[in-house]
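Residue strings, one per chain:
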Amino acid sequence: MHETVDLRSDTVTKPTEEMRKAMYSAEVGDDVFGEDPTVNELQKRCAEITGKESALFVPSGTMANCIASYVLTNEGDEVIVEEKSHIYNMEVAHLTLISRVLPRPLPSNKGEIDLNLIKKSIRKRGLHVPGTSLICLENTHNFWGGKAISPEYVKEAYELAKNEGLHVHLDGARIFNASIAYKKPVTEWTKYCDTVMFCFSKGLSCPVGSILCGEKEVIEEAKRARKLLGGGMRQAGVLAACALVAIDKMIKRLEEDHKKAKRLAEGLSELPGIKINPEEVETNIIIFEFSHPGLSIEDFLNRLRENKILALAISTTQIRMVTHKDVDFEDIERVLEVCKSIL
Ligand SMILES: *Cc1c(COP(=O)(O)O)cnc(C)c1O
């Protein structure tokens, strides 16, 4: 039971005792010279987990996505993105500002863009038109309520991309949540992309850090791009030490977050003013429609805040709640009681 129940994001999770101890005793060196043993170990482990040759530790998921698009495209190219994706909506337009590419947002069925639509949208470079060079996918899909995209879909999209000579980048900020939801190893997805990034700073509870995995030459280039963006870190082993704890200890427990989200959605679905289908909740994110005769979305969130419960409006009609290790089942029951009394 926690005094404040913070459901705004899983990024609010605090590092565990074990992470703090690992930070204290981490062996470190200058990572820009490639000499931090803990960072090197983390990169090796992550490459193994994703089945790629190499990996690069970076400060944020946004930087990893930015680096991936920068190294997999030439400026002036077109990049296919899903219209609700994080990379298109929430990353300050780095596709345009840094990679200098033209994003082509496409609608989807819960994060899965129809393959025929992708095919029709691919353009060959010509006198008048930019050439498509990259497709970005997201798994789990944040703004589709933590939807876990199937490995079959990613495989088909990848095969299509390869037939057309395109690269695929997977924004796997929460790929382990997808892996838990499907009970399949992450390689079932990561073998069907050129680069994949995932975050240690979300449900895995680290204070800082994400990783970009791919083939050796791509990651060599990524290292230059990281430097360009100001992301070269020195004794980053103190952070990598937490990430190593995360991959050993924090993945399996994500299942519990999914159960909390399911329970939360089930309880909320019975309340007036809230529309959500709990059956569609697959991982740790729930998004529901809010429409109440006596209460605006801001009123509702303020009333929750007065009760030390935090959630986020992600549009004028939708609220997002994210479960994580620093919210327990008792907290979820309290949230449901408070919501019931307010509504
Ligand atoms: C959180 C997130 C990112 C990256 O976020 P940072 O805050 O920059 O680490 C990227 N993609 C998705 C889907 C995310 O949820």
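Residues numbered from 1 in each chain as written. Predicted model: local features only at pLDDT ≥ 70, side-chain atom pairs only at ≥ 80, totals over all residues. Heavy atoms only, no water.

Undergrad: Give me the sheet that holds strand β10 (residues 285-290): which residues, what numbers.
TA: Read across the open sheet, the 4 strands follow the order β9-β10-β13-β12; overall the sheet is antiparallel. Only two strands of the sheet have a single partner each, and these edge strands are β9 (274-275) and β12 (312-313). Where β10 and strand β13 (residues 318-322) come together, 5 bridges link them in antiparallel fashion. Its bridge partner lying in β13, Phe288 is registered against Ile319. Sitting on the sheet, helix α12 (residues 254-269) is in contact with β9, β10 and β13, with an inclination near 15 degrees to β10. Here helix α13 (residues 297-306) sits on the sheet and contacts β10, β12 and β13; the angle it forms with β13, its principal contact strand, is near 30 degrees. (Pairing = 2+ DSSP bridges. Helix = DSSP H or I, 4+ residues; strand = E, 2+ residues; numbered from the N terminus. Contact = heavy atoms within 4.5 Å. Axes fitted to C-alpha atoms, helices over the stretch in contact; angles between N-to-C directions.)

Undergrad: Could you give an account of the sheet that holds strand β2 (residues 54-58), naming the residues involved and the relevant values?
TA: What the 7 strands build is an open sheet, ordered β2-β8-β7-β6-β5-β3-β4; its pairing is mixed. Edge strands, defined here as strands with exactly one partner in the open sheet, are β2 and β4 (102-106). Sheet twist, expressed as the average angle between the axes of neighbouring strands with direction ignored, equals 20 degrees. Pairing analysis gives 5 bridges linking strand β5 (residues 132-138) to strand β6 (residues 167-171), with the strands arranged parallel. Along β6, the bridge assignment pairs Leu137 with Leu170.

Undergrad: Lay out the site of the ligand in plain terms, naming residues and giving numbers.
TA: As a structural note, the neighbourhood of the ligand is formed by 13 residues, with Gly61, Thr62, Asp171, Arg174 and Lys202 the closest of them. One of the side-chain nitrogen or oxygen atoms of Asn142 is found 3.0 Å away from an oxygen atom of the ligand. Within the side chain of Lys202, an N or O atom sits 3.0 Å from an oxygen atom of the ligand. Protein chains bury 85% of the 380 Å² of accessible surface belonging to the ligand in isolation. (Near = heavy atom within 4 Å. Polar contact = N/O pair within 3.5 Å; in protein donor to acceptor, adjacent residues only side chain to side chain. Areas by Shrake-Rupley, 256 points an atom, 1.4 Å probe, with all protein chains shown as cover.)

Undergrad: Pulling in residues and values, what's your account of the environment of Asn142?
TA: Here Asn142 shows up in the loop between β5 and α7 (151-163). Overall, the relative accessible area of 4% leaves Asn142 in the buried class. Residues Asn142 and Arg174 lie 32 residues apart in sequence; the distance between their C-alpha atoms is 8.6 Å. Those residues within four positions of Asn142 in sequence are excluded, and the remaining contacts are His86, Arg174, Ile285, Ile287 and Arg320. (Buried < 20%, exposed > 50% of the residue type's maximum accessible area, 1.4 Å probe, protein only.)

Undergrad: Help me get a handle on the nonpolar core, residues and values and all.
TA: Leu42, Cys46, Phe57, Ile118, Phe200 and Ile211 are the most contacted members of the largest nonpolar core, which totals 56 residues. Of the residues forming this core, the biggest block, 9 residues, is contributed by helix α11 (residues 237-249). Non-local contacts of Leu42, meaning those with residues more than four positions away in its chain, are made with Phe57, Phe200, Ile211, Ala240, Ala243, Leu244 and Ile247. Leu301, Ile319, Leu336 and Leu343 belong to the second-largest nonpolar core, a separate cluster that totals 30 residues. (Core = buried A, V, L, I, M, F, W, Y, C linked by side-chain atoms within 4.5 Å.)

Undergrad: Please give an account of the pattern of salt bridges that cites residues and values.
TA: Taken as a whole and assessed by the stated rule, the structure comprises 26 salt bridges. Note that Glu282 is salt-bridged to Lys147, the shortest N-O span being 3.2 Å. Of the two residues, Glu282 sits in the loop between β9 and β10 while Lys147 sits in the loop between β5 and α7, which places them 135 residues apart along the sequence. Since its relative accessible area comes to 28%, Glu282 is described here as partly exposed. Residue Arg263 pairs with Glu333 through a salt bridge whose shortest N-O separation is 2.7 Å. Remark: Glu333 occurs in helix α14 (residues 329-342) and Arg263 occurs in helix α12; sequence separation between them is 70 residues. Exposure remark for Arg263: the relative accessible area of 30% places this residue in the partly exposed category. Linked through salt bridges whose partners overlap, the residues forming this network are Arg253, Glu256, Asp257 and Lys260. (Salt bridge = Lys/Arg side-chain N within 4 Å of Asp/Glu carboxyl O.)

Keep in mind these values describe shape, not function.
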